[in-house]
Amino acid sequence: MLCTRRTKTLVSTCVILSGMTNIVCLLYVGWITNYVANGGPKVAESGGGAGGAGGGEAERKLEEDSKGETLRIIERLDRLESVVNEHIKEAPLKDGDDAASSSDSASDSASTLFDRWGHDLGPESRRVALKKFRYYGYNGYLSDRISLTRPIPDLRPDGCRNMSYSSDLPQLSVIFIFVNEALSVLLRSVHTAIQRTPAHLLKEIILVDDHSSSLELKEHLQSFVDETNAQHGPGFVKVVRHDKQEGLIRSRVSGWRAATAPVVALFDAHVEFNTGWAEPILQRIKEDRTRVVSPSFDNIKYDTFEIEEYPLSAQGFDWELWCRYLNPPKSWWTQRNHTAPIRSPALIGCFVVDRRYFEEIGLLDEGMEIYGGENVELGIRVWQCGGSVEVLPCSRIAHIERAHKPYTANLTALVRRNALRVADVWMDQYRSHVYMAWNVPLQNSGIDIGDISQRKALRARLKCRPFSWFLSNIYPELRSYSDTVAYGVLKNSLRDNLCLDQGPDTDNVPIMYLCHGMTPQNVYYTSSQQLHLGVLSPTIDDDDNKCLVDVNSRPRLLECSYAATKHMKLTWTFSQGGSIQNMESQNCLELVESKQSEFTFQLAIQECTDQKWTITNILTVLPQ
């Protein structure tokens, strides 16, 4: 699947790095390293607290001196270094390449793989293990030494074990998509599907090989298929092989075309099925064929292959259309029944659907490239066109979340293209939110999203509801940014190669930095005359957006809701090619020369000197 999980209070989010390239990220890390070496900015001590009494801890941090500056920057540096390492590792080794010869240092990968495993391995075994880890993104060495039918803990809620199901449930075809998967991982997926699915319900298994180069996925896999078909009957396991790499999206459609059972289950090829996973899903689809159903997921740790239980979650997305785990809706909690289906705005990636209904609803959008966004698009489409999406607590699948993604080295660009395609077909006036989140102009974006006429015709033919209905009735947790009047990068005419940047996360101090157009430089100006900087906060359960605030004549970034509650100075007049002036202090955000700054200038709030600022995209007339 495309997604990983980060746990927050009552919310589990699915966070994938977006908008960063290796080169610029390395430049960013280099700047922060230099920033630490030079002791950071010299900020004068300040007197009284802004915003009146009651500012509390947040204001104390704003006024404290720089004693903790270096530690905070080092923390930021550590995070950015891990980002760079993950980007570098996204490009896989070719089969047979030696890990030691890769551009990524062996010690970096070893520090991840051997943190919790492999301390007793000899040098040669460590080398082999590291090579497999670099190639697959998980511990292929360990997988090869684990039983293909190992038991895993039954993590279903207690009530699931006592449920009964119809005796005439429909049969299913289980479809696995893979490219250069470890053979043992693929076979474990197949073996557990056979072992933990009632034989009368499992009609066939379809393996879609998206042009793998691995030799063992040819002869050795075919031997397994022949042996299994000799035992279960001709055609029980089918193999579909692509003569070129089509990507996950089109591979899933290939699997669907080969399937013959009434229900199809589309899965990644690095999963393990738990006891009783199939019956609750087939029961729900038997009752209503327009339901698209996802099991609940647990994690197979990429290094130790231990099973980690995940909390029950719905599946949603942010405005870049990266998938996210969500807290189940309030309506589910009020039932006080942890076996009940969970209404879900979208899908994480693996799902089960009536085979004919899947065709009627438009399959997956084959105009998308490789993978990314297709799961979100399917969820939106199903809901808007009369179906439903749900997650079943009584059906649990364990899934490997890779340490790095070998499928493609250019995932972000693909997801952006796919996301804009979804926005233009399904999101009506809210398409602007996707373009804003990706910092792409609404008109003439320069990104070719392909021909969408057939998808628009599908929407018209199915008489689908508007996206506003979806937001109101299915995904009310998703924040709306309809008050945005301008967005993009913000530049000052004194140095048009520098852009306003949120700087290190923990400092709340905006900076000017070389323009790269990535998330830390995204600026949003609202009809309420606030300037938001950084990522758009996706849901109402997430941390609030950061607003530019005048704190004792110093530019700071604070959560917008906090600054508004404390009546702080967070409203600004701005006109394209004009000044940025705080409405309360009447001072302006400007650049001042500084020998301490790497780029000669730093931000200040001072008496206005008619400096000129421009933002990339104007949506409507700016408020005055």
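Because the structure is predicted, anything quoted here is derived from the model rather than measured. (Residues numbered from 1 in each chain as written. Predicted model: local features only at pLDDT ≥ 70, side-chain atom pairs only at ≥ 80, totals over all residues. Heavy atoms only, no water.)

## A look at the state of the cysteines
Operational definition: We call a pair of cysteine sulfur atoms a disulfide whenever their separation is within 2.5 Å. Only DSSP runs of H or I with at least four residues qualify as helices, and only runs of E with at least two residues qualify as strands; both kinds are numbered from the N terminus onward. Exposure categories follow from relative accessible area, calculated using a 1.4 Å probe and restricted to protein chains: below 20% of the type maximum is buried, above 50% is exposed, and the middle band is partly exposed.
Per the stated rule, a full pass over the model turns up 5 disulfides. Through a disulfide, Cys385 is tied to Cys464; the S-S separation comes to 1.9 Å. Between Cys385 and Cys464 the sulfur-sulfur dihedral comes to about 100 degrees; the bridge is accordingly right-handed. You can see Cys385 sitting in the loop between α13 (374-384) and β14 (388-400) and its partner Cys464 sitting in the loop between α16 (453-461) and α17 (467-473), a full 79 residues away along the chain. Each member of the pair, Cys385 as well as Cys464, is classed as buried. Bridging Cys588 to Cys608, the disulfide has an S-S length of 1.9 Å.

## Quick look at the packing of aromatic side chains
The following threshold applies: Aromatic contacts are taken between Phe, Tyr and Trp rings whose centres are within 6.5 Å, Trp giving its six-membered ring; a plane angle under 30 degrees counts as stacked, one over 60 as edge-to-face, and the others as tilted. Each ring is checked for a lysine NZ or an arginine CZ that lies within 6 Å of its centre and within 35 degrees of its normal; such an atom marks a charge sitting over the ring.
Per the counting criterion, the structure on display carries 23 aromatic pairs. For the ring pair Trp322 and Trp438, a centre distance of 6.1 Å and an interplane angle of 45 degrees mean the geometry is tilted. Note that Trp322 is positioned in the loop between β10 (314-317) and β11 (323-326) and Trp438 in the loop between α15 (431-437) and α16, a separation of 116 residues in sequence. Accessibility assignment for this pair places Trp322 and Trp438 in one class, buried. Here a set of aromatic residues connected by ring pairs shows up, and it is made of Phe317, Trp319, Tyr430, Phe467, Phe470 and Tyr475. The lysine or arginine in question, Arg431, covers the ring of Tyr435, its NZ or CZ lying 4.8 Å from the ring centre. The ring of Trp469 carries Arg465 above its face, with NZ or CZ at 4.0 Å from the centroid.

## Digging into empty space enclosed by the protein
For clarity, the cut-off: Residues are called lining when one of their atoms sits within 4 Å of a cavity or pocket point, these points coming from a 1 Å grid over the protein atoms alone, where a cavity is a set in which a 1.4 Å probe fits but cannot get out and a pocket is an open set with protein on both sides within 12 Å along at least five of seven lines. Grid points are joined across faces, edges and corners, and a volume is the space filled by probe spheres set on the points. The classification used treats Ala, Val, Leu, Ile, Met, Phe, Trp, Tyr, Cys and Pro as nonpolar, Asp, Glu, Lys and Arg as charged, and all other residues, Gly among them, as polar.
Here the structure, examined in full by the defined rule, presents 4 cavities of 30 Å³ or more. Considering the residues around the largest cavity, the lining is formed by 12 residues, among which Ala314, Leu326, Asn327, Pro329 and Glu477 are closest to the centre. Looking at side-chain class alone, the lining of the largest cavity contains 7 nonpolar, 2 polar and 3 charged residues.

## Examining helix α14 (residues 411-426)
Put simply, the rule is: Given the number of residues in a helix, its expected span is that number minus one, multiplied by 1.5 Å.
Given a rise of 1.5 Å per residue, 16 residues ought to cover 22 Å, and the 22 Å separating the end C-alpha atoms of α14 matches this to within 8%. Of the residues flanking the end of α14, it is Asp428, one or two places downstream, whose phi is positive at about 50 degrees.

## Remarks on the confidence of the model for the protein
Going by this rule: A residue's pLDDT is the predictor's confidence in that residue, given on a scale from 0 to 100. In what follows, residue pairs with any heavy atoms lying within 4.5 Å of each other are defined as contacts.
Per-chain confidence: the protein averages 86 in pLDDT, with 82% of residues scoring 70 or above. In this model residues 6-26 is a low-confidence stretch, pLDDT under 50, and it forms 62 contacts with partners more than four residues away in sequence or in other chains. This stretch, residues 28-109, has a pLDDT under 50; its non-local contacts, to residues over four places away or in other chains, come to 130 contacts.

## Describing the pattern of salt bridges
Our working rule: When a carboxyl oxygen of Asp or Glu is within 4 Å of a side-chain nitrogen of Lys or Arg, the pair counts as a salt bridge.
Across all of its chains, the model carries 34 salt bridges by this definition. Taking the shortest distance from any N to any O, the salt bridge between Asp168 and Lys286 comes out at 3.3 Å. Here Asp168 is found in the loop between α6 (140-143) and β3 (172-178), whereas its partner Lys286 is found in helix α10 (residues 278-287), with 118 residues between them in sequence. Using a relative accessible area of 37% as the deciding quantity, one classes Lys286 as partly exposed. The closest approach of N and O atoms between Glu359 and Arg356, which form a salt bridge, is 3.1 Å. In this pair, Glu359 and Arg356 are both assigned in helix α12 (residues 355-360), 3 residues apart and thus about one turn of the helix distant. On the accessibility criterion, Glu359 (39% relative accessible area) is partly exposed.

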